[in-house]
Amino acid sequence: MGALTKGRYLSLGFVFLVFCTTCTTSKGATGDIPPDSLPSVPGTLPHFLKEPEDAYIVKSNPIKLLCRAVPALQIFFKCNGEWVHQNEHVSRESMDQNTGLKVREVLINVSRQQVEDFHGPEDYWCLCVAWSHLGTSKSRKATVHIAYLRKNFEQDPQGKEVPIKGMIVLHCRPPEGVPTAEVEWLKNEELVSSMTDENIDTRADHNLIISEARLSDSGNYTCLASNIVAKRRSATATVVVFVNGGWSLWTEWSSCNVPCGRGVQKRSRTCTNPAPLNGGAFCEGMSVQKITCNSLCPIDGGWEEWSDWTVCSVQCERQRRRDCNNPPPRHRGKMCEGPGDATENCTGGMCTQIIRKLSNDVALYSGLGAGVIAVAVLVVAVMLYRRNQSDYGVDVIDPSALTGGFQSFNFKTARQGNPLLLSSSLQPDLTVGRTYSSPICFQDSIDNKELFDPLPDIKVKVQSSFMVSLGVADRAEYHAPKGQPPETFPRGLNRDYSNSTVERRSPKKGLLSPTKVQLKTTGVFGHLGGRLVVPNTGVSLLVPHGTIAEDTSWEMYMVINQGESSCDILLGPEVTYGPPGLDLSSPVAMTIAHCAELDAENWNIQLKRKTQENKGEEVMSVEDESTSCYCLMDSTSCHLLLDQPGSYALIGEPLTQAAVKRLKLAVFGSLGPTAMDYSLRVYCVDDTPHAFQGVVATEKGKGGQLLEEPKMLPFRGNTFSLQVSIQDVPQFLWSIKPFTTCQEFSFSQVWCSNQQPLHCAFSLERYSPATTQLSCKISVRQVKGHEQILQVYTSVKESVPFFMQSDCTITSQTGPKAFKIPLSIRQRICATFDTANAKGKDWQLLAQKLHLDINLSYFAKQQSPSAVILSLWEARHQDTGDLDSLACALEEIDKIHSKSPYADGDCCSLSKTTGLGKIITEKKEICN
């Protein structure tokens, strides 16, 4: 037995001898006799109040083992079969107040070194032995371990993408440790418990089981293992619960689209039952179905043969009749025209009823006499009235003339600061405006006089309200110069409508053929792509990089077709791009300006393409989803993604009378045929750059000056006409030609103008050459609609008007200079977003942040959805200059993912990855 063991037994022997009071205090008196072999003393056996417990040594901190027994004369610890030295015990003694027995408590420390040095067949253990007068008692064995927890998990949970209502099982095997680690689960850094959610089970082998996945179960899951030493976190597992798209029910079949003959009915459905979420698949199949239909054509009624005449009556008359049954009107056909009954005198006028004849003669002559007197009185009244009004030289409709007084007048100079308005020395720039700016500087490649003939003179027929009140049916006419052939009226109008008619006449060289006048631009494009622009029209074509195959080039063109006769409501110019047979690997982006106030409840706007038979076929409705074409409507422009060359036009179908078309109003002035005459011309045109350029070109030829900044007038589809009137003309300085102060356009003229300008003219004459200033107001209002006032302040003198026109001739650009997004950045963005990503950074999020998240099914079928989205962004922002909105969108995506549970701590920012970091830094204030 070792020296340490011998020392311990000597000490115990000494203690035992002291207890027995039969031994001396000599240190080695008892030799090596173990205490448990000593004879017991009569009394009560010790009872343990506290036994040593299993313990774990954390790091280098020793643990304490405690024993408490009653009655106990002495207590000693025994570890791994050996007695612990007396000096290592800390004892404390007390008296139990209830029993009067001695209570003894003993404490020892066990260090990490002691445990590590022990190499026995079992774990390090200790127990305590207590003595009383009756004998000894032993406590339970308490084991001592060194606590630890390894760093690496034996199995980390793996991310999953599961359909909604599917089962989610995340496996986790914690790191090895003593004591064994307990496992908890975190979702987005919050504790997950099966106690609060019956759909979750965390009790099976540390695994997390979600029996039916819900959208709310998407998130970042972490397995957390812990014991008394440390806590360990597993790798994060991203769970995405996706929803595959499902079709809604079909709508009812629409009515046949033609009133007569073979037509088309359609019905639609949407991928919203449910809508695809979190990368779920789009619905398969078509969103629109079409079937042919046959509408019964109207059959107009026809008269049968007249019946025989009846017998001559006592009134010397006979009758006959006919019926509208040959055939009868059917299917909304018209009734027969003309009377169904006829009456005639059956005696050849020689009826013998003399009394009736005399009475008839008296009535006849009395009526004729009264009529002659009434006409004479009316003629005298008109002549007297005209004589009284001749001093003023104005139309009787002018309210100031009816009051019989004069109005004060102050000459005002032209307002400053507006480049469109005139002063006596400054002419306007009609080609540059705030509304229709363009990023590409250019001028027309064809002389304006070849595109637009001078504005034809007009013939105005106005019926005086005063003459109407007197019952005179005669109308005063203001005629155009003689020798000019009349032009046919615009479609849908008769020669007599309402109270006035504006008749457009062609120039002397003959009737203008609108279909032969075209604006065209061309360019040669290859693999690098480029952009085509028709100057000053709001029409452009973007050919993205890679659309045309390498080592291939095409001469592409874009044409604006003019003046096609159609019953459709054209909301913008009809545009053709080609050539036919163009081979494209991705869609091109076409931009067309429009004049509609967008409201899905009031408008049904369709994109139509012209067929080989020169008929318009519907490509899509802008409110519907389509995989063959994409249409994005902004407030003033429409952006199209097209795969096929052809002629395209936006057609509007008003659904209610609240549908609104924007009109642009402008007033021009020029000297008349003599030095004393001055002409004001008011134009009402669809509010598109292309339509207004027609007015500009026309006024160039007439030497006109823009007298007021053009204004916009909302024109409602309520069937009411448009009235143009001149007001507040200084009567003592100017006279106006009679019956022209108020003129009117019919509703159909304005509503179906289809990009063609309408205008009316006011002819004024000054009394004196000294009058050099003109001030008046032009009121343009729709009956039961909106009104705009054009204020005219101008100097009247002989001058040669001019139009400032930029000298740029660029109508096409090729290669990188045609695009705002550099090619390298574009490629990095596509690489980042084209790949489906469980963390949400895919092309759908890019479309959402760029506000292009409609008709996503079109992008889904593209080889590179992100590239097509960026092309659409390029077309949409060609007028706004820089990359602010794109940079801000990428930074916003970055911020969302840096805060969301999907973000990785070491994830690089999108702005740095794509090279837009510098732009984002410079535009920080804008983004915030």
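Not measured: the values here are computed from a predicted model. Throughout this description, residue numbers start from 1 for each chain and increase along the sequence as written. In view of the model being predicted, local features appear only for residues whose pLDDT reaches at least 70, and side-chain atom pairs are presented and counted only at 80 or more, with totals across whole chains, interfaces and linings using the full set of residues. The basis for every side-chain value is the complete set of heavy atoms in the structure, and neither hydrogens nor water enter the calculation.

### A few points about the overall build of the protein chain
- For the purposes of this entry, the term helix denotes a DSSP run of H or I that reaches at least four residues, the term strand denotes a run of E that reaches at least two, and both are numbered from the N terminus. Helix and strand counts for the protein chain stand at 16 helices and 50 strands.
- When contacts within the protein chain are restricted to residue pairs at least 6 apart in sequence, long-range pairs at least 24 apart make up 69% of them.
- If you sum the accessible surface of the protein chain, you get close to 48,000 Å²; carbon and sulfur atoms cover 52% of it. The contact rule is simple, with two residues in contact once any of their heavy atoms fall within 4.5 Å. Values of accessible area rely on a 1.4 Å probe in the Shrake-Rupley scheme; residue burial ignores everything except the protein chains shown.

### Regarding the side chain of Arg 826
- As for its placement among the helices and strands, Arg 826 is situated in helix 9 (residues 823–833).
- Look past the residues within four positions of Arg 826 in its chain and what remains in contact with it is Pro 544, Ile 821, Ala 867, Leu 870 and Ser 871.

### Observations regarding the sheet that holds strand 12 (residues 168–170)
- Strand order in the open sheet formed by 3 strands is 12-17-16, and the pairing between neighbours is antiparallel. Either end of the sheet is taken by a strand with one partner, and the two such strands are strand 12 and strand 16 (200–201). In short, DSSP must find at least two bridges between two strands for them to pair.

### Points about helix 9
- Burial here depends on accessible area, computed with a 1.4 Å probe over protein chains only, as a share of the maximum for the residue type. Under 20% is buried, over 50% is exposed, and the range in between is partly exposed. Within helix 9 the residues assigned to the buried category are Ile 825, Arg 826, Ile 829, Cys 830 and Phe 833. Down the axis of helix 9, the smallest arc covering the buried residues is 135 degrees, so these residues share one side. Each C-beta atom gives one direction from the helix axis, and the arc is the one those directions make.

### Quick notes on the sheet that holds strand 37 (residues 630–633)
- In space, the 6 strands of this open sheet follow the order 37-38-34-30-29-50, with antiparallel pairing throughout. Bordering the open sheet on either side are strand 37 and strand 50 (812–814), each of which pairs with just one other strand. Shown here is a sheet whose adjacent strand axes are inclined to one another by a mean of 10 degrees, direction ignored.
- Here strand 37 pairs with strand 38 (residues 637–642) via 4 bridges, running antiparallel. Looking at the pairing, Leu 632 lines up with His 639 of strand 38.
- Lying over the sheet, helix 12 (residues 865–876) contacts strand 29 (530–534), strand 30 (539–543), strand 34 (588–593), strand 37 and strand 38, oriented at roughly 150 degrees with respect to strand 38. To define axes, lines are fitted to C-alpha atoms, for helices over the stretch in contact only, and angles between the resulting N-to-C directions are given on a 0 to 180 degree scale.

### Remarks on a nonpolar patch on the surface
- Residues enter a patch when their relative accessible area is above 30% and they make no salt bridge; the linking distance is 9 Å between like charges and 5 Å between nonpolar side chains (Val, Leu, Ile, Met, Phe, Trp, Tyr). Each reported salt bridge corresponds to a side-chain nitrogen of Lys or Arg within 4 Å of a carboxyl oxygen of Asp or Glu. Among the surface-exposed residues, Ile 164, Leu 215 and Leu 277 lie close enough to one another that they form a single nonpolar patch of about 230 Å² accessible area.
- Checked against the element boundaries, Leu 277 lands in the loop between strand 21 (261–268) and strand 22 (288–295).
- Classification of Leu 277 by relative accessible area gives partly exposed; the value is 40%.

### A closer look at the packing of helix 9 against helix 12
- Between helix 9 and helix 12, the least distance of the axes is 8 Å, while the angle of their chain directions is 135 degrees. With respect to each other, helix 9 and helix 12 are oriented oblique. Along this stretch, helix 9 crosses helix 12, giving a crossing that reads as right-handed. Taking contact as the criterion, the partners of Arg 826, Ile 829, Cys 830 and Phe 833 in helix 9 are, on helix 12, Ser 866, Ala 867, Leu 870 and Ser 871.
- Of the residues belonging to the contact of helix 9 with helix 12, the class tally is 5 nonpolar, 2 polar and 1 charged. Just so you know how the angles are binned, under 35 degrees is roughly parallel, over 145 roughly antiparallel, 65 to 115 roughly perpendicular, and the rest oblique. By convention the crossing between two helices is left-handed if the near helix lies anticlockwise of the far one by an angle smaller than a right angle, and right-handed if it lies clockwise. In this count, Pro and Cys sit with the nonpolar residues alongside Ala, Val, Leu, Ile, Met, Phe, Trp and Tyr, while Asp, Glu, Lys and Arg are called charged and the others, Gly among them, polar.

### Looking at the environment of Asp 686
- With respect to the element layout, Asp 686 can be found in strand 41 (residues 677–686).
- The exposure class assigned to Asp 686 is buried, which follows from its relative accessible area of 0%.
- Expressed as a C-alpha distance, the spacing of Asp 686 and Gly 572, which sit 114 residues apart in the sequence, is 8.2 Å.
- Residues contacting Asp 686, with those up to four places away along its chain left out, are Leu 570, Cys 595, Lys 661, Arg 662, Leu 663, Lys 664, Ala 691, Ser 753, Asn 754 and Gln 755.
- Within the structure, the side chain of Asp 686 is placed 3.2 Å from the side chain of Ser 753, a separation counted as a polar contact. Polar contact is the term for a pair of N or O atoms within 3.5 Å; when the atoms are in protein, one must be able to donate a hydrogen and the other to accept it, and sequence-neighboring residues count only if both atoms are side-chain atoms.

### Overview of the packing of aromatic side chains
- Paired rings are identified among Phe, Tyr and Trp, the last through its six-membered ring, by centres lying within 6.5 Å, and are further divided according to the angle between planes into stacked (under 30 degrees), edge-to-face (over 60) and tilted (the rest). All told, the structure shown has 14 aromatic pairs when counted by the stated rule.
- One aromatic cluster is present, built from ring pairs that chain together Trp 603, Phe 715, Phe 747 and Trp 751.
- We count a charge as sitting over a ring when the NZ of a lysine or the CZ of an arginine lies within 6 Å of the ring centre and within 35 degrees of the ring normal. Above the face of the Trp 306 ring, Arg 320 is positioned so that its terminal group lies 4.4 Å from the ring centre.
- The cationic tip of Lys 661 hangs over the ring face of Trp 751; the distance from NZ or CZ to the ring centre is 5.8 Å.

### Examining the state of the cysteines
- Counting rule for disulfides: a pair of cysteine sulfur atoms within 2.5 Å. For the structure shown, the criterion picks out 8 disulfides.
- A sulfur-sulfur distance of 2.0 Å marks the disulfide that ties Cys 79 to Cys 126. Given an S-S torsion of about 105 degrees, the disulfide between Cys 79 and Cys 126 has right-handed geometry. In this pair, Cys 79 sits in strand 4 (residues 74–79) while Cys 126 sits in strand 8 (residues 124–131), placing the two residues 47 residues apart along the sequence. We note that Cys 79, like Cys 126, is buried.

### Section: the side chain of Ser 647
- Position of Ser 647 relative to the elements: it lies in strand 39 (residues 646–654).
- Polar side-chain contacts of Ser 647 include one of 2.4 Å to the side chain of Thr 576.

### Details of helix 12
- The first and last C-alpha atoms of helix 12 sit 17 Å apart over 12 residues, in line with the 16 Å expected at 1.5 Å per residue.
- In terms of burial, helix 12 is a largely internal element, 11 of the 12 residues being buried.
- Residues of helix 12 that are buried: Pro 865, Ser 866, Ala 867, Val 868, Ile 869, Leu 870, Ser 871, Leu 872, Trp 873, Glu 874 and Ala 875. By this rule the span expected of a helix is its residue count minus one, scaled by 1.5 Å.

### Notes on the pattern of salt bridges
- Inspection of the entire model under this criterion finds 26 salt bridges.
- With a shortest N-O distance of 3.9 Å, Lys 608 and Asp 568 are connected by a salt bridge. Of this pair, Lys 608 sits in strand 35 (residues 603–610) while Asp 568 is found in the loop between strand 31 (554–561) and strand 32 (569–570), placing the two residues 40 residues apart along the sequence.
- For the salt bridge of Glu 708 with Lys 711, the shortest nitrogen-to-oxygen distance reads 3.7 Å.
- Note on Glu 708: relative accessible area 2%, which makes it buried.
- Overlapping salt bridges, with partners in common, bring together Arg 68, Arg 92 and Glu 105 in one network.

### Some thoughts on the confidence of the model for the protein chain
- A score between 0 and 100, pLDDT records how confident the predictor is in each residue. On average, residues of the protein chain score 76 in pLDDT, and 73% of them reach the 70 mark or higher.
- Here residues 799–808 is modelled with pLDDT under 50, and outside its nearest four sequence neighbours on either side it reaches 28 contacts, counting other chains as well.
- Low confidence marks residues 922–928, where pLDDT is under 50. Its contacts with residues over four positions away, or in another chain, come to 8 contacts.

### What to know about the pairing of strand 37
- Covered by surrounding structure in strand 37 are Tyr 630 and Leu 632 together with Cys 631 and Met 633, the residues of both alternating faces.
- The antiparallel pairing of strand 37 with strand 38 creates a hairpin that spans 3 residues between the two strands.

### Regarding the environment of His 119
- Structurally, the position occupied by His 119 is in the loop between helix 2 (112–117) and strand 8.
- Its relative accessible area of 70% is what places His 119 among the exposed residues.
- In terms of polar contacts, His 119 uses its side chain to reach the backbone carbonyl oxygen of Asp 117, at 3.5 Å.

### Some thoughts on unusual backbone geometry
- Residue Pro 71 follows Val 70 across a cis peptide bond; omega there is -20 degrees.
- A cis amide bond links Val 178 to the next residue, Pro 179, at an omega of -5 degrees.
- Structurally, Pro 179 is set in the loop between strand 13 (177–178) and strand 14 (182–187).
- Residues other than glycine seldom take positive phi values, yet Asn 855 does so here, at roughly 50 degrees.
- Along the polypeptide, Asn 855 turns up in the loop between helix 10 (843–849) and helix 11 (856–860).

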